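# Report on the structure
Chain by chain, the residues run as shown.
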Amino acid sequence: MRSRQRMFAAVMRLLLKCLRLGRRRRFKLVRQVEQLWHYGHLCLRSLLYNSFTNGDVVLDSLFEPVYWLVDHVTRWFGVVFVALVIGLTSSIVAIVYICLLPLILQTYTPAWICWHLAYGHWNLIMIVFHYYMAITTSPGHPPQAKNDLTGISICRKCIAPKPARTHHCSICNRCVLKMDHHCPWLNNCVGHYNHRYFFSFCLFMTMGCIYCSISGWEMFRDAYTAIERMKLLEKERLQVAANQTYYQTPPPTFSFRQRAFHKSVVYLWVLCSSVALALGALTLWHAALITRGETSIERHINRKERKRLQKKGKVSPAHRAGPGWARARRDAPLPVLQIFRNPYSYGSWDNWKVFLGVDVPRHWLTRVLLPSPHLPHGTGLSWDLPPCATEQRAPLLAI
């Protein structure tokens, strides 16, 4: 009996030792895993630490594959977009010459005929000229060699000097002087040397579409009514033909030429109205940027910089920049804050003169209302005050 008790006690002591040993090993394994986890986390943070990292940087990193795909698709489909613009514009011109112009010559008065011929051909010439120049003119690229320019930085992708207002185009894979954006409809970047051609093309194309939409409104209504009547008569004709023999089927109510004429008028009006709305909004946006002396990229940069300086208390908010802010300063001892200004703006009127290259009054006719291949002011490498600008630029706060 005693031997059995001793044996049972020995077995229990052995089992307890095994359990204690297993617990120690298990706790030791958990501690090792925790140490490895903390060590790996520390290594990862030390390798990827960046004091400038924020939510925007993380989002850009996550969307980098999407940007790469968009850049390559835009690069290879640029020729397709250009061919589409040329094809659609040529179809509208063909419809006007084949369908509408004979009707205008037969029904309109001599005064209206002269107006349509003069304005229509002038607008067409301006569209073709500026689109051709926007496609074929290089936007301008900085020299790859070192130069004596002051205040320049180094492009992280080109590893070359980058003057002020110059940005790298990921589609063209080059730096562009005064880059606004890469336009797939031009298959070219919009920069210092072809920015005026791009805006003029958008403006005259919008004007031409509005002209076609307004001039062809009555024709569009008549053509749409005729098409609806065609559908109704065609339905009635098929119903009658179903109850007759093959030899008693009536001939078609409308000829092929009439159908093509009415459908072409509807196509012209719908396409011109759609383009006028879309391209007109883009033209107004770029007109506002030109008035402020900015590009699309600089608009984004200036807005972020203004918000950053406002948070630091270095510039006044937008609503304090008016006369009320000056009166408040006289009434109460408020801190004097600077107003954020675009350093490349010369004033609204002078910005337009600099952009269009208007040095003397006659240039409004020869350089704006007529095709002109004149170069913009400056080389895009430095931004001195142009001779046509009357206002001095504001000092550079931050760009």
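Structure: see above.
About the thresholds
- Residues numbered from 1 in each chain as written.
- Predicted model: local features only at pLDDT ≥ 70, side-chain atom pairs only at ≥ 80, totals over all residues.
- Heavy atoms only, no water.
- Helix = DSSP H or I, 4+ residues; strand = E, 2+ residues; numbered from the N terminus.
- Buried < 20%, exposed > 50% of the residue type's maximum accessible area, 1.4 Å probe, protein only.
- Contact = heavy atoms within 4.5 Å.
- Areas by Shrake-Rupley, 256 points an atom, 1.4 Å probe, with all protein chains shown as cover.
- 1 Å grid on protein atoms, 1.4 Å probe; cavity = no way out; pocket = protein on both sides within 12 Å on 5 of 7 lines; lining within 4 Å.
- Points joined across faces, edges and corners; volume = space filled by probe spheres on them.
- Nonpolar A, V, L, I, M, F, W, Y, C, P; charged D, E, K, R; others polar.
- Expected span 1.5 Å × (residues − 1).
- Phe/Tyr/Trp six-rings, centres within 6.5 Å; stacked < 30°, edge-to-face > 60°.
- Lys NZ or Arg CZ within 6 Å of the ring centre and 35° of its normal.
- Core = buried A, V, L, I, M, F, W, Y, C linked by side-chain atoms within 4.5 Å.
- Patch = residues over 30% accessible without salt bridge, like charges linked within 9 Å, V, L, I, M, F, W, Y side chains within 5 Å.
- Salt bridge = Lys/Arg side-chain N within 4 Å of Asp/Glu carboxyl O.

### A closer look at the overall build of the protein
Broken down by element type, the protein carries eleven helices and six strands. Put simply, the protein has 399 residues, and 33% of those count as buried. Here the contacts in the protein between residues at least 6 apart in sequence split such that 66% fall between residues at least 24 apart. A total of about 26,700 Å² of accessible surface is found on the protein, and carbon and sulfur atoms cover 65% of it.

### Thoughts on the environment of Leu289
Counting through the fold element by element, Leu289 comes out in helix α7 (residues 256–292). Excluding residues that lie within four positions of it along the chain, Leu289 makes contacts with Glu294, Thr295, Ser296 and Arg299.

### A look at the layout of surface pockets
Here the second largest pocket defines a volume of roughly 1,000 Å³. Mapped onto the lining of the second largest pocket, the elements with two or more residues apiece are α3 (64–107), α4 (110–136), β5 (181–183), α5 (195–215) and α7. Examining the composition of the lining of the second largest pocket, we find that eleven residues originate from one element, α3, more than from any other. Looking at side-chain class alone, the lining of the second largest pocket contains 32 nonpolar, ten polar and no charged residues.

### A short note on unusual backbone geometry
At Arg165, a residue that is not glycine, the phi angle is positive and equals roughly 70°. For Arg165, the location among the structural elements is in the loop between β2 (161–162) and β3 (167–169). Arg165 gets classed as buried once you look at its relative accessible area, which sits at 9%. In this model, Lys178 sits at a positive phi of 45°, which is unusual for a non-glycine residue. Mapped onto the elements, Lys178 comes out in the loop between β4 (174–176) and β5.

### Concerning α7
Its 37 residues give α7 an end-to-end C-alpha distance of 53 Å, which sits within 8% of 54 Å, the value for a rise of 1.5 Å per residue. Gly293 occupies a position one or two residues after α7 and carries a positive phi of about 70°.

### Description of the packing of aromatic side chains
Taken as a whole and assessed by the stated rule, the structure comprises 16 aromatic pairs. Centre to centre, the rings of Trp352 and Phe355 are 6.3 Å apart; their planes meet at 90°, and the pair counts as edge-to-face. Of this pair, Trp352 and Phe355 both sit in helix α10 (residues 348–356), three residues apart, roughly one helical turn. Just as Trp352 is buried, Phe355 falls in that class too. Above the face of the Trp383 ring, Arg165 is positioned so that its terminal group lies 4.7 Å from the ring centre.

### Let's talk about the nonpolar core
Core analysis: the largest hydrophobic core is formed by 39 residues, its most contacted members being Tyr131, Leu186, Phe198, Phe201, Met205, Leu268 and Cys272. Listing elements by their share of this core, those giving two or more residues are α3, α4, α5, α6 (217–242) and α7. For this core, the element with the highest residue contribution is α5, accounting for nine residues. Look past the residues within four positions of Phe198 in its chain and what remains in contact with it is Ala134, His181, Cys183, Leu186, Val190, Leu282 and His286. Among the nonpolar cores identified, the runner-up in size contains eight residues, and Ile290, Phe355, Val358 and Val368 belong to it.

### A closer look at the environment of Ser153
Residue placement: Ser153 occurs in strand β1 (residues 153–154). Given a relative accessible area of 35%, Ser153 falls into the partly exposed group. Put simply, Ser153 and Pro163 are ten residues apart on the chain and 6.6 Å apart in space, counted from C-alpha to C-alpha. Not counting the four nearest positions on each side in its chain, Ser153 is found in contact with Ala160, Pro161 and Lys162.

### Thoughts on empty space enclosed by the protein
Within this structure, the stated rule accounts for one cavity of 30 Å³ or more. In this structure, the largest cavity spans a volume of roughly 40 Å³. If you go around the largest cavity, the residues you meet are Pro142, Pro143, Gln144, Cys155, Cys158, Ala160, Pro161 and Cys175. For the lining of the largest cavity, a count of residues per class yields seven nonpolar, one polar and no charged.

### Here's the deal with a nonpolar patch on the surface
Together, Trp68, Leu69, Val73, Trp76, Phe77 and Val80 make up an exposed nonpolar region whose accessible area comes to about 680 Å². Tracing the backbone shows Val80 in helix α3.

### Considerations on the side chain of Thr206
With respect to the helices, strands and loops of the structure, Thr206 is situated in helix α5. Non-local contacts of Thr206, meaning those with residues more than four positions away in its chain, are made with Ala276, Leu279, Gly280 and Thr283.

In short, shape yes, function no, at least from these values alone.
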